[in-house]
Amino acid sequence: ARINDSANLNAISYGRKAIVATQSANGGYYWNIPKLFDSAASPTTAVAIFALKYYANLTTSEQSAVTRGMNYLISNQMTDGGWPAYPGDPISDLYTSQSALLALLQSGLTPSNTTVSKALTYLNSKQGSDGGFGGLSSTSYSAMIYKLAGTNYQTRLSQTIAWIKANQNPDGGW
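Parameters and conventions
Residues numbered from 1 in each chain as written. Predicted model: local features only at pLDDT ≥ 70, side-chain atom pairs only at ≥ 80, totals over all residues. Heavy atoms only, no water. Helix = DSSP H or I, 4+ residues; strand = E, 2+ residues; numbered from the N terminus. Rg over C-alpha atoms; globule rule 2.2 N^0.38 Å. Buried < 20%, exposed > 50% of the residue type's maximum accessible area, 1.4 Å probe, protein only. Axes fitted to C-alpha atoms, helices over the stretch in contact; angles between N-to-C directions. Parallel < 35°, antiparallel > 145°, perpendicular 65-115°, else oblique. Left-handed = near helix turned anticlockwise from the far one by under 90°. Contact = heavy atoms within 4.5 Å. Nonpolar A, V, L, I, M, F, W, Y, C, P; charged D, E, K, R; others polar. Core = buried A, V, L, I, M, F, W, Y, C linked by side-chain atoms within 4.5 Å. Polar contact = N/O pair within 3.5 Å; in protein donor to acceptor, adjacent residues only side chain to side chain. Expected span 1.5 Å × (residues − 1).

So, about the overall build of the protein chain. Summing up its helical and strand segments, the protein chain has seven helices and zero strands in all. Across the protein chain, helices and strands are ordered from the amino to the carboxyl terminus as α-α-α-α-α-α-α. Its C-alpha atoms give the protein chain a radius of gyration of 17 Å, within 12% of the compact-globule value 16 Å for 174 residues. Along the first, second and third principal axes, the C-alpha set of the protein chain runs to 45 × 45 × 30 Å. Counting every position in the protein chain, which comprises 174 residues, the buried fraction comes to 40%.

All right, on to the packing of helix 2 (residues 42-53) against helix 4 (residues 94-106) then. At a minimum axis separation of 8 Å, helix 2 and helix 4 run at an interaxial angle of 30 degrees. Compared by their axis directions, helix 2 and helix 4 come out roughly parallel. The chirality of how helix 2 crosses helix 4 is left-handed. Contacts between helix 2 and helix 4 involve Ser42, Pro43, Ala46, Val47, Ile49, Phe50 and Lys53 from the former and Tyr95, Thr96, Ser99, Ala100, Leu102, Ala103 and Gln106 from the latter. Looking at side-chain class alone, the contact of helix 2 with helix 4 contains nine nonpolar, four polar and one charged residues.

The next thing to look at is the nonpolar core. In terms of nonpolar packing, the biggest core is built from 35 residues, with Leu73, Leu101 and Leu120 touching the most fellow members. Contributing elements (two or more residues each) for this core: helix 2, helix 3 (60-75), helix 4, helix 5 (114-126), helix 6 (136-149) and helix 7 (154-166). Of all the elements, helix 4 adds the most residues to this core, at seven residues. Residues in contact with Leu73, not counting those within four places in the same chain, are Ser42, Thr45, Ala46, Ile49, Trp83, Ala100, Ala103 and Leu104.

Moving on to the environment of Lys147. Structurally, Lys147 can be placed in helix 6. Assessed through its relative accessible area of 61%, Lys147 is described here as exposed. The spacing of Lys147 and Leu157 is ten residues in sequence and 6.5 Å in space, taken between C-alpha atoms.

This brings us to the packing of helix 4 against helix 6. Helix packing geometry: the angle between the two helix axes and the distance between the axes. Close contact between helix 4 and helix 6 brings their axes to 10 Å; oriented N to C, the two are set at 25 degrees. On the basis of the axis angle, helix 4 is roughly parallel to helix 6. For the pair helix 4 and helix 6, the sense of crossing is left-handed. Side by side, helix 4 and helix 6 meet where Leu94, Tyr95, Gln98, Ser99, Leu101, Leu102, Leu105 and Gln106 of the first sit next to Ser138, Tyr141, Ser142, Met144, Ile145, Leu148 and Ala149 of the second.

The next subject is the side chain of Thr44. Inspection of the secondary structure assignment puts Thr44 in helix 2. What makes Thr44 buried here is its relative accessible area of 18%. From its side chain, Thr44 meets the backbone oxygen of Ala41 in a polar contact 3.1 Å long. Not counting residues up to four positions away in its chain, the partners in contact with Thr44 are Tyr29, Tyr30 and Trp31.

For the rest of this paragraph, the subject is helix 4. With 13 residues, helix 4 should reach 18 Å at 1.5 Å per residue; the first-to-last C-alpha distance of 18 Å fits that figure. Among the 13 residues of helix 4, eleven are classified as buried, and the element is accordingly described as predominantly covered. Between the side-chain oxygen at the start of helix 4 and the backbone nitrogen of Tyr95 there is a gap of 3.4 Å, and the oxygen is on Asp93.

Taking 1.5 Å as the rise per residue, helix 3 with 16 residues should run 22 Å; its terminal C-alpha atoms sit 23 Å apart, in good agreement. Residues of helix 3 that are buried sit in contact with helix 1 (6-21), helix 2 and helix 4.

Here it is, written out as structure tokens:
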């Protein structure tokens with residue numbers, strides 16, 4: 001099967017419609033469909049934005065969902081610049097914060113935006129002296145973020161990529 005086969009395109013279209021249809025009234029997305037918890041969460045909202053923004057030709061309803069999702073993320077940022085894993089958590093979570101930051105950058109916000117700037121400061125505080133973020137997944141995620149953040153983050157990107165290279169196994173894997 002090919003990505004442009006009609007069955008695949010129909011499945012993608014159906015999935016995109018489902019993402020729009022399951023957005024909560026506050027602009028966030030719930031952890032599970034059907035809804036098992038009565039509150040939206042930042043990680044699922046970030047992933048929903050990422051999924052919608054991956055496609056270049058957004059419908060009006062998709063763009064509206066992205067905007068509402070972005071507003072949800074912006075309003076749920078913690079004072080340290082990160083985001084909690086679950087609504088009501090008192091501390092920021094690195095993965096959730098990376099997801100939210102990546103979604104906001106992918107949606108067109110730049111480091112000059114206050115929310116993004118605070119999030120980048122939070123992310124910078126989590127980078128180890130070796131350039132990593134505690135593991136391959138979080139370090140790779142940070143590399144994508146620094147790439148999207150632009151030239152002012154080139155040094156951080158280089159440090160992150162150096163960590164990834166230094167931690168590659170002799171067989172080529174990680």
